[in-house]
Amino acid sequence: MPKWAEATEETRDYYENEWGRAPISDNQVFEILSLLTFQAGLTWATVLSKREALREAFYNFDIPQVAKMDEEDVKRLVRGGSPIKNERKIRAVIQNAQAVMEYRSALRSELRANALVAVLEGSAGKPGVWPAYGEEQITLLRHFFDDWGFTFTGPKVIRALVESFGLDLPWLEDPHAA
């Protein structure tokens, strides 16, 4: 177990029950992406201790509901409606939900349900097979997020996103050790 996972009961629970599991829904991908956004400059222990309050503040990370949030919501969250009051991070979560919705709208209706999961999975070139994520795939994933207007999706966040879902990373002997 890595050091970050040993910090608290919440981090141990997250590591043992969620870390390294491939995502099954876009809301799951979006939640982890959002938590990684809030985690920038903080510890996992801090973010996970505020996870339930973040879920409450962001409609359980329901993408369509978060995408509809507006300036009044941002002001409310900065004033105290969010356990992490960083306005840039709050705006990034909303912007990322809007980016998911824009990406989905560009797809045929039958492909919209779990479009982000399909993006992560599709890097293998074979449906239903999770890819090995090397530097090339990480770069392509970063470009995907940039092209669709996501924010707070730099190299560290994308790498952490991929690692958090246990996708096969050639530089890790044990995907749970990150």
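All figures in this text were calculated on a predicted structure; none of them were measured in a lab.

Got a minute to help me understand the overall build of the protein in this structure?
A count of helical and extended segments in the protein gives 10 helices and zero strands. Scanning the protein from its N terminus toward the C terminus, one meets helices and strands in the order α-α-α-α-α-α-α-α-α-α. Taking the contacts inside the protein whose residues are at least 6 apart along the sequence as the reference set, 62% of them involve residues at least 24 apart. For the protein, the accessible surface area stands at approximately 9000 Å², while carbon and sulfur atoms represent 50% of it.

What is the right way to look at the packing of aromatic side chains in this model?
The geometry of two aromatic rings is summed up by the distance between their centres and the angle between their planes. If you walk through the whole model with that rule in mind, you get 14 aromatic pairs. Relative to Phe 144, the ring of Tyr 103 has its centre 4.9 Å away and its plane inclined at 90°; by these criteria the two rings are edge-to-face. One end of the pair, Tyr 103, is in helix 7 (residues 87–105); the other, Phe 144, is in helix 9 (residues 135–147), and 41 residues separate them in sequence. Relative accessible area serves as the criterion here: at 13%, Phe 144 is assigned to the buried category. Pairing Phe 144 with Phe 150 gives two aromatic rings, centres 6.3 Å apart and planes at 40°, and the pair type is tilted. In terms of burial, Phe 144 and Phe 150 fall into one category: buried. An aromatic cluster of at least three residues, connected via ring pairs, comprises Trp 4, Tyr 14, Tyr 15, Trp 19 and Trp 44.

I tried to follow unusual backbone geometry on my own but got confused; where do I start?
The phi angle of most residues is negative, glycine excepted, and most peptide bonds adopt the trans form. If you check the backbone angles, Phe 61 has positive phi at about 55° while not being a glycine. Residue Phe 152 is not a glycine yet carries a positive backbone phi of 55°. With respect to the helices and strands, the residue Phe 152 is situated in the loop between helix 9 and helix 10 (155–164).

Even after reading the chapter, I still don't get helix 7, so can you show me in this structure?
Working note: α-helix, 3.6 residues per turn, so residues spaced by three or four point in the same direction. Relative to the 27 Å expected for 19 residues at 1.5 Å per residue, helix 7 spans 27 Å between its end C-alpha atoms, a close match to the ideal helical length. Considered for burial, the residues of helix 7 that qualify are Lys 89, Ile 90, Ala 92, Val 93, Ile 94, Asn 96, Ala 97, Ala 99, Val 100, Tyr 103 and Arg 104. Where helix 7 begins, one side-chain oxygen reaches toward the backbone nitrogen of Arg 88, 3.0 Å away; that side chain belongs to Asn 86.

How should the environment of Ala 160 be read in this particular structure?
Considering the arrangement of structural elements, one finds Ala 160 in helix 10. A C-alpha to C-alpha distance of 9.0 Å links Ala 160 and Leu 33, two positions 127 residues apart in sequence. Those residues in contact with Ala 160, other than ones at most four positions away along the chain, are Trp 19 and Leu 36.

Whenever I open this one, the pattern of salt bridges confuses me. Can you help?
A side chain of one charge can pair with a side chain of the opposite charge when the charged atoms of the two come close. All told, the structure shown has 11 salt bridges when counted by the stated rule. Across the pair Glu 18 and Arg 51 runs a salt bridge, and its minimum N-O distance is 2.8 Å. Of this pair, Glu 18 sits in the loop between helix 1 (9–17) and helix 2 (26–39) while Arg 51 sits in helix 4 (residues 51–57), placing them 33 residues apart in sequence. Judged by its relative accessible area of 7%, Arg 51 falls in the buried class. In this structure, Arg 55 and Glu 52 form a salt bridge, with 2.5 Å as the shortest nitrogen-oxygen distance. Note that Arg 55 and Glu 52 are positioned in helix 4 at a spacing of three residues, about one turn of the helix.

What is the right way to look at the nonpolar core in this model?
As a rule of thumb, nonpolar side chains are buried together in soluble globular proteins. In terms of nonpolar packing, the biggest core is built from 48 residues, with Phe 38, Leu 54, Phe 58, Val 66, Phe 145 and Phe 150 touching the most fellow members. What Leu 54 contacts, discounting residues up to four positions off in sequence, is Leu 35, Phe 38, Val 47, Phe 61, Ser 82, Pro 83 and Ile 84.

Sorry, what's going on with the confidence of the model for the protein here?
Detailed reading of the predicted model is not advised wherever pLDDT is low. Counting all residues, the mean pLDDT for the protein is 86, and 86% of those residues have values of 70 or more. Low pLDDT (under 50) marks residues 170–178, which in the prediction has 24 contacts with non-local residues, meaning those over four places away or in another chain.

When you look at the side chain of Lys 89 in this model, what are you seeing that I'm missing?
Following the sequence through the fold, Lys 89 ends up in helix 7. Within the structure, the side chain of Lys 89 is placed 2.5 Å from the backbone oxygen of Ala 40, a separation counted as a polar contact. For Lys 89, the contacting residues outside a window of four places in its chain are Thr 37, Phe 38, Ala 40, Leu 42 and Phe 152.

What counts and what doesn't
- Residues numbered from 1 in each chain as written.
- Predicted model: local features only at pLDDT ≥ 70, side-chain atom pairs only at ≥ 80, totals over all residues.
- Heavy atoms only, no water.
- Helix = DSSP H or I, 4+ residues; strand = E, 2+ residues; numbered from the N terminus.
- Contact = heavy atoms within 4.5 Å.
- Areas by Shrake-Rupley, 256 points an atom, 1.4 Å probe, with all protein chains shown as cover.
- Phe/Tyr/Trp six-rings, centres within 6.5 Å; stacked < 30°, edge-to-face > 60°.
- Buried < 20%, exposed > 50% of the residue type's maximum accessible area, 1.4 Å probe, protein only.
- Expected span 1.5 Å × (residues − 1).
- Polar contact = N/O pair within 3.5 Å; in protein donor to acceptor, adjacent residues only side chain to side chain.
- Salt bridge = Lys/Arg side-chain N within 4 Å of Asp/Glu carboxyl O.
- Core = buried A, V, L, I, M, F, W, Y, C linked by side-chain atoms within 4.5 Å.
- pLDDT = per-residue confidence, 0-100.

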